Amino acid sequence: AQSVAQPEDQVNVAEGNPLTVKCTYSVSGNPYLFWYVQYPNRGLQFLLKYITGDNLVKGSYGFEAEFNKSQTSFHLKKPSALVSDSALYFCAVIDDYKLSFGAGTTVTVRA
Amino acid sequence: KAGVTQTPRYLIKTRGQQVTLSCSPISGHRSVSWYQQTPGQGLQFLFEYFSETQRNKGNFPGRFSGRQFSNSRSEMNVSTLELGDSALYLCASSLALAGGGFPTNYGYTFGSGTRLTVV
């Protein structure tokens, strides 16, 4: 089965600093990877995906992610974090008509 | 275009009752999947439907069931509710293809969820 792991429960950064949320994957074949963000009491909002093509994927709200096959990673990055980026972030992989999610990483950006 | 619509947004039920949640996908999306989100278990897959056929089912008891109608709208039902069924239930629609392939614009769009509280 395909799976992803988010090794950090929480990430704390100061506003204006770079933000990185880590994700590693375990798949057989080509992975189809996603990042979603969730604000309190809301559904999941799509940030970006890797299906095929360039290893650097650019997404919504200034986020990007780099697909690294040798390290089996798909880390989410933002060069300059905003307080409004504080939320719960999920990495996910497609596995047999469903998304398998990581446990989530809570990001707190302090002013 | 309209997003994924889930109704109701909030629901309070008593143990032993049953509940039906509704999901209307984005127009043109034929795949609808359901997820349960709890603080302890995170996001767990319930089932996925494509053109009224269930293609995959998660590891949930038979009390959890679903269906999809010809207009792609989907419902999920939970019978004999337990306290542990309290969760945020999320629906997602996608442009999945019949053969399981992925178009370049493939993705999952989630609704805002239904918050179910069992008392």
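Let me sum up the structure you'll find in this document. (Residues numbered from 1 in each chain as written. Chains lettered and ligands numbered in written order. Predicted model: local features only at pLDDT ≥ 70, side-chain atom pairs only at ≥ 80, totals over all residues. Heavy atoms only, no water.)

1. Regarding the pattern of salt bridges
Consideration 1: Counted by the stated rule, this structure contains 8 salt bridges over all chains.
Consideration 2: Glu64(A) is paired through a salt bridge with Lys58(A); the nearest N and O atoms lie 2.9 Å apart.
Consideration 3: The salt bridge partner of Arg73(B) is Glu75(B), with a shortest N-O separation of 3.3 Å.
Consideration 4: For Arg73(B), a relative accessible area of 24% translates into the label partly exposed.
Consideration 5: Glu75(B) sits in the buried class, given a relative accessible area of 15%.
Consideration 6: Connected via shared salt-bridge partners are Arg63(B), Glu82(B) and Asp85(B). (Salt bridge = Lys/Arg side-chain N within 4 Å of Asp/Glu carboxyl O. Buried < 20%, exposed > 50% of the residue type's maximum accessible area, 1.4 Å probe, protein only.)

2. Describing the interface of chain B and chain A
One frequent convention defines the size of an interface as the accessible area lost when the parts assemble.
Consideration 1: Taken residue by residue, the interface counts 22 residues in chain B and 18 residues in chain A.
Consideration 2: For the pairing of chain B and chain A, the buried interface totals around 1800 Å² over both sides, and the portion due to carbon and sulfur atoms is 58%.
Consideration 3: At the junction of chain B and chain A, the tally comes to 0 salt bridges.
Consideration 4: For the pair chain B and chain A, the interface holds 3 residue pairs in polar contact (both at pLDDT 80 or more).
Consideration 5: Elements with a contribution of two residues or more to the side of chain B that touches chain A: strand S4 (31-38), strand S5 (42-50), strand S6 (53-57), strand S9 (87-94) and strand S10 (108-110) of chain B.
Consideration 6: Ranked by the residues each element gives to the side of chain B that touches chain A, the list is headed by S5(B), at 3 residues. (Contact = heavy atoms within 4.5 Å. Buried area = accessible area lost by both parts, 1.4 Å probe. Polar contact = N/O pair within 3.5 Å; in protein donor to acceptor, adjacent residues only side chain to side chain. Helix = DSSP H or I, 4+ residues; strand = E, 2+ residues; numbered from the N terminus.)

3. Some remarks on the nonpolar core
Consideration 1: Membership of the largest hydrophobic core comes to 26 residues, with the highest contact counts inside it found for Trp35(A), Leu48(A) and Tyr89(A).
Consideration 2: Sort the elements by how many residues they give to this core and strand S10 (residues 87-94) of chain A lands first, with 4 residues.
Consideration 3: Core analysis: the next-biggest nonpolar cluster, separate from the first, contains 21 residues, Ile26(B), Tyr49(B), Val78(B) and Val118(B) among them. (Core = buried A, V, L, I, M, F, W, Y, C linked by side-chain atoms within 4.5 Å.)

4. Regarding the state of the cysteines
Residue and element names in this part refer to chain A.
Consideration 1: Using the criterion set out here, one finds 2 disulfides over all chains in the structure.
Consideration 2: Covalently, Cys23 is tied to Cys91 through a disulfide, its sulfur atoms 2.0 Å apart. In this structure, the disulfide formed by Cys23 and Cys91 twists by about -60 degrees around the S-S bond and is classed as left-handed. One end of the pair, Cys23, is in the loop between strand S3 (19-21) and strand S4 (24-26); the other, Cys91, is in strand S10, and 68 residues separate them in sequence. Each member of the pair, Cys23 as well as Cys91, carries the same accessibility label: buried. (Disulfide = S-S within 2.5 Å.)

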